[in-house]
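Working through the structure, step by step
This is what each chain is made of:
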Amino acid sequence: MVHRSVPAASSELRTLITAIAIGLILGVTSVAEAQSTVTAVGRELRYRGERIALHGVGMADPLLARQNRPAADYAVLASQWRTNVVRLAIHPGTWKSVDKNYLVGRLREEVSAALANGQFVIITWHVIGWPDAYFENSANDPDFYDSDFQLAKDYWARIAAEFGSDGRVIFELWNEPVHANDADARLPRWFQIKPYYEELIAVVRQFSGNLVLATGNNYAFDLRGIADSPLADSNVAYTWHVYAFGAIDEQSLDIFLAGVGRVAPVLVTEWGFNFSDPAQWPGDARSFGPGFVGNFLRARQLHSAAWAWAPGWSPSMVAADFATPTSYGAFVKRFLTENEDVSARVRGRKQVRTTGGRFTVRGKAAAPLGLERVEFKVGKSKWRNARGTDRWRFAARLATGQNKILVRAIDIGGHRSKPLSLRITRTSR
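So, here's what we can say about the structure. As the structure is a prediction and not an experimental result, all values here were calculated from the model.

Cut-offs applied
Here the residue numbering is sequential within each chain, running from 1 through the sequence in written order. For a predicted model such as this one, the threshold for reporting local features is a pLDDT of at least 70, and the threshold for listing and counting side-chain atom pairs is 80 or more; totals across whole chains, interfaces and linings nevertheless cover every residue. As a convention, hydrogens and water are excluded, and side-chain values are obtained from all of the structure's heavy atoms. Labels follow the DSSP assignment, with helices taken as runs of H or I lasting at least four residues and strands as runs of E lasting at least two, numbered in each case from the N terminus. Under this definition, polar contacts are N or O atom pairs within 3.5 Å; protein pairs additionally need one hydrogen-donor-capable and one acceptor-capable atom, and for neighbouring residues in sequence, both atoms have to be side-chain atoms. By definition, residues are in contact when any of their heavy atoms lie within 4.5 Å.

**Describing the side chain of glutamate 375**
Along the chain, glutamate 375 turns up in strand β17 (residues 371-378). At 2.8 Å, the side chain of glutamate 375 forms a polar contact with the side chain of arginine 373. For glutamate 375, the side chain forms a polar contact with the side chain of arginine 408, separated by 2.7 Å. In this view, glutamate 375 contacts Trp383, Arg384, Asn385, Ala386, Leu406, Val407, Arg408 and Ile410; residues no more than four positions away in its chain are not counted.

**Description of unusual backbone geometry**
A cis geometry characterises the amide bond from tryptophan 307 onward to alanine 308, with omega recorded as 5°. With respect to the helices and strands, alanine 308 occurs in the loop between β13 (303-306) and α12 (327-338). Going from serine 314 to proline 315, the amide bond is cis rather than trans, its omega being -10°. Note that proline 315 resides in the loop between β13 and α12. Unusually for a residue other than glycine, aspartate 132 sits at a positive phi of about 55°. Among the structural elements, aspartate 132 can be located in the loop between β7 (128-129) and α7 (149-163). The phi dihedral of tyrosine 219 is positive, around 60°, even though this residue is not glycine. Relative to the helices and strands, tyrosine 219 resides in helix α9 (residues 217-220).

Any functional reading would require information that these geometric values do not contain.
Printed below as a string of structure tokens:
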């Protein structure tokens, strides 16, 4: 963006309840279909019953920033940047000035390209302002960030109807609430903005049970109040926008994150820095980047989409050729590619002797982006799925003599761990 420029149910049961609730909303008869929707379960996001972690980039407004850009950009992001989520921002000014059918068609091209490359998609209403009140001015288009609330409701009715049947699409309802008096950052305004979110959710729920995102005021930075009074909807998470304003101040950031990550998933749908523009973002890869990535995105298990993978949209991750990373982009790319490490380990010894014809193997696996499955193979047989992911097990059929078993974990982005090798020797007695 141009920024100011009864006992507790088990997690598995909660997942099933959420899936059934979504199915009831949509008239879905299959729980399996409902589980193909990204769902918020406690602090986690889940997809097809498995925990996922979303990390990627914001693409800016596709009608303004991606004219004549090929769909192959999404393949580059998936393969070279290792993103598993992209964020598409539609500005109110764009929605007002462009033919709606054309706009939806262009947006569908972008969404389809992202989904085809294994990425989840966040669509946002890229307003900066307060419903039916203050909104930021843009020199090029006075209605660019128009906060007219009926306009937002009309937008979400169309977008939810068009894209709400695919559970991989996530709806970010209001980009950045900004109250006219938000210069006084001591005033959290969650209880004032919350009723507007409830109205927008009601609009979306007429068409879709997809995950919706809400946030607090002061440019989506102040989340105070949310943890004490979250939205009642069964499939909602929260967004947080954090830009560099000098060196990382962990204590101050924690004040405004306000414990939301302990009660619900948090998606940092905008973050970034630009040391070449110290007047606006006085931070860089040393003073801000590692501290924010390490102490917040990783340590607090927050999801993220850095802003912006588009030349000219500050802070930008790529040069005008859409290929050369800026210094900020290079930092984000390192974070995303390092974030793909997948691991699997076995409980107990890796070399065992047994007289039985079946042997149960157990272990654990981990992946920052979220695990898709754990696989195993015995000898020259085909790879088969183990039961479970974070904690997995399988029973292998053994031939007499030495049996070589391989185990590997695969994350939601398709990255595979290095196979573990086990040797189980079956003896006659």
